[in-house]
Amino acid sequence: MRKVIIVGCGYVGKRVAALWRMRDALVYATARHSKSLEELRSLGIEALHVDLDDPKSLAALDIEHCLLYYFAPPAASGQLDGRMRVFLDILGATRIPQKIVYISTTGVYGDRHGAWVTEDSPVDPQTPRARRRLDAENILRAWGRQHAAAVVILRVPGIYGPGRLPVDAIRSHRPVVQQSECGFSNRIHVDDLAQICVAAADYGPGDAIYNASDGSPGTMTDYFNAVADALGLQRPPVISRAEAAQILSAEMLSYLSESRRIDNRRMLDELGVTLRYPDLETGLRASIKEESTA
């Protein structure tokens, strides 16, 4: 029976866990708070109380020879991922998982002014959040090479799916930037990302990097309008980029300041993935249907 441990088992991790349980794997997941632990157990997942900021808590993890998913985000500040550094210090040279799959971000590529981006494109993270992710990638890959441990990096764009659509923002009439000033953004449906995570464990070679995107880039304005149309809601009001700089959140502005189109062909070819939702229309339809039956 394959042993799977998911460090940071949230929105994506729960769906990855469900796929592995369907394959009769023994699935463990870490959480810090009692409510999260109870929720994981209700899903049939072996929940482990672990605090990623507590080295003693990490040291109790039995991770040798398992498949390890690391989905935990870095801390919210700084240029480096201190959590990943502590985690790798705890692993050392002897506690080697069979494979580690790490979720990073396509934000490590920075602004490409709308150009297509492959895994061989240079990285140029322009926000502290993306720099922390790149730092985690670099130290994890270096650790893997040093200890002959298989590490697979998934660079992920915006994740959408049931329960993760911008419905409240649309209903509150949060504005979007006019199309002529809106750069390209990229997405992946959570169920497709979950199956990519499983395929990465099955087929991804050590030290590999894959763009985990649906390959159908659009704009943030397209996305909000598509969600509004699918739900029969009024489309958001449109403003200029200059106006957006005065009223939108810093996080949203950071997304709007970068434009790139993510090429996913390596992921499709090497991991053998067939996307269930290769475009936004089919993904939104499935997400809304699942929400309505939940």
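Structure: see above.
Residues numbered from 1 in each chain as written. Predicted model: local features only at pLDDT ≥ 70, side-chain atom pairs only at ≥ 80, totals over all residues. Heavy atoms only, no water.

S.K.: Looking at this structure, I do not really get the overall build of the protein. What am I missing?
M.R.: When helices and strands are tallied, the protein shows twelve helices and 15 strands. The C-alpha radius of gyration computed for the protein amounts to 19 Å, which stays within 12% of the reference 19 Å derived for 294 residues, consistent with globular compactness. The dimensions of the protein, computed from C-alpha atoms along their principal axes, are 55 × 45 × 35 Å. Expressed as a percentage of contacts within the protein between residues at least 6 apart in sequence, the contacts between residues at least 24 apart total 78%. (Helix = DSSP H or I, 4+ residues; strand = E, 2+ residues; numbered from the N terminus. Rg over C-alpha atoms; globule rule 2.2 N^0.38 Å. Contact = heavy atoms within 4.5 Å.)

S.K.: What exactly am I supposed to notice about the pattern of salt bridges here?
M.R.: One side chain can pair with another of opposite charge once the charged atoms of both are near each other. Following the criterion strictly, the structure yields 21 salt bridges and no others. For Arg15, the salt bridge goes to Asp191, with nearest N and O atoms at 2.6 Å. In this pair, Arg15 is assigned in helix α1 (residues 11-22) and Asp191 in helix α7 (residues 190-203), connecting sequence segments 176 residues apart. There is no split in this pair, since Arg15 and Asp191 are both buried. Where Asp120 meets Arg266, a salt bridge forms, and the shortest distance between an N and an O atom there is 3.1 Å. On the criterion of sequence distance, the pair formed by Asp120 in the loop between β6 (116-117) and α5 (128-146) and Arg266 in helix α11 (residues 265-271) is long-range, its members being 146 residues apart. (Salt bridge = Lys/Arg side-chain N within 4 Å of Asp/Glu carboxyl O. Buried < 20%, exposed > 50% of the residue type's maximum accessible area, 1.4 Å probe, protein only.)

S.K.: I tried to follow the packing of helix α4 (residues 82-91) against α5 on my own but got confused; where do I start?
M.R.: In helix packing, the relevant descriptors are the interaxial angle and the interaxial distance, both defined with respect to the helix axes. Two numbers describe how α4 lies on α5: the axes approach to 10 Å, and their chain directions differ by 15°. Taken together, α4 and α5 sit at an angle that is classed as roughly parallel. At the point where α4 passes α5, the crossing takes the right-handed sense. Across the interface between the two elements, Met84, Arg85, Leu88 and Leu91 of α4 pack against Asp135, Ala136, Ile139, Leu140 and Trp143 of α5. (Axes fitted to C-alpha atoms, helices over the stretch in contact; angles between N-to-C directions. Parallel < 35°, antiparallel > 145°, perpendicular 65-115°, else oblique. Left-handed = near helix turned anticlockwise from the far one by under 90°.)

S.K.: Teacher, can you tell me more about α7 here?
M.R.: Counting along an α-helix, one turn takes 3.6 residues, and residues three or four places apart therefore face a common direction. Taking 1.5 Å as the rise per residue, α7 with 14 residues should run 20 Å; its terminal C-alpha atoms sit 20 Å apart, in good agreement. Among the 14 residues of α7, eleven are classified as buried, and the element is accordingly described as predominantly covered. Listing the buried residues of α7 in full gives Val190, Asp191, Asp192, Leu193, Ala194, Ile196, Cys197, Val198, Ala199, Ala200 and Ala201. (Expected span 1.5 Å × (residues − 1).)

S.K.: Would you mind going over the packing of aromatic side chains with me for this structure?
M.R.: Here the distance between the centres and the angle between the planes together describe a pair of aromatic rings. According to the stated counting rule, one finds five aromatic pairs in the structure shown. Here the aromatic rings of Tyr70 and Tyr102 are separated by 5.9 Å at their centres, their planes lie at 50°, and the arrangement is tilted. Taken as a pair, Tyr70 in strand β4 (residues 67-70) and Tyr102 in strand β5 (residues 99-105) lie far apart in primary sequence, 32 residues in all. Put simply, the rings of Tyr70, Phe87 and Tyr102 touch in pairs and so form one group of aromatic residues. Over the ring of Tyr28 we find Lys3, and its NZ or CZ is 5.3 Å from the ring centre. (Phe/Tyr/Trp six-rings, centres within 6.5 Å; stacked < 30°, edge-to-face > 60°. Lys NZ or Arg CZ within 6 Å of the ring centre and 35° of its normal.)

S.K.: What is the right way to look at the packing of α1 against α7 in this model?
M.R.: For the pair α1 and α7, interaxial distance at closest approach is 9 Å and the crossing angle is 60°. Between α1 and α7, the interaxial angle falls into the category oblique. Here α1 runs over α7; the crossing is right-handed. Of α7, the residues touching α1 (which contributes Tyr11, Val12, Arg15, Val16, Leu19 and Trp20) are Val190, Asp191, Leu193, Ala194, Gln195, Cys197, Val198, Ala201 and Asp202. When its residues are assigned to classes, the contact of α1 with α7 shows eleven nonpolar, one polar and three charged. (Nonpolar A, V, L, I, M, F, W, Y, C, P; charged D, E, K, R; others polar.)

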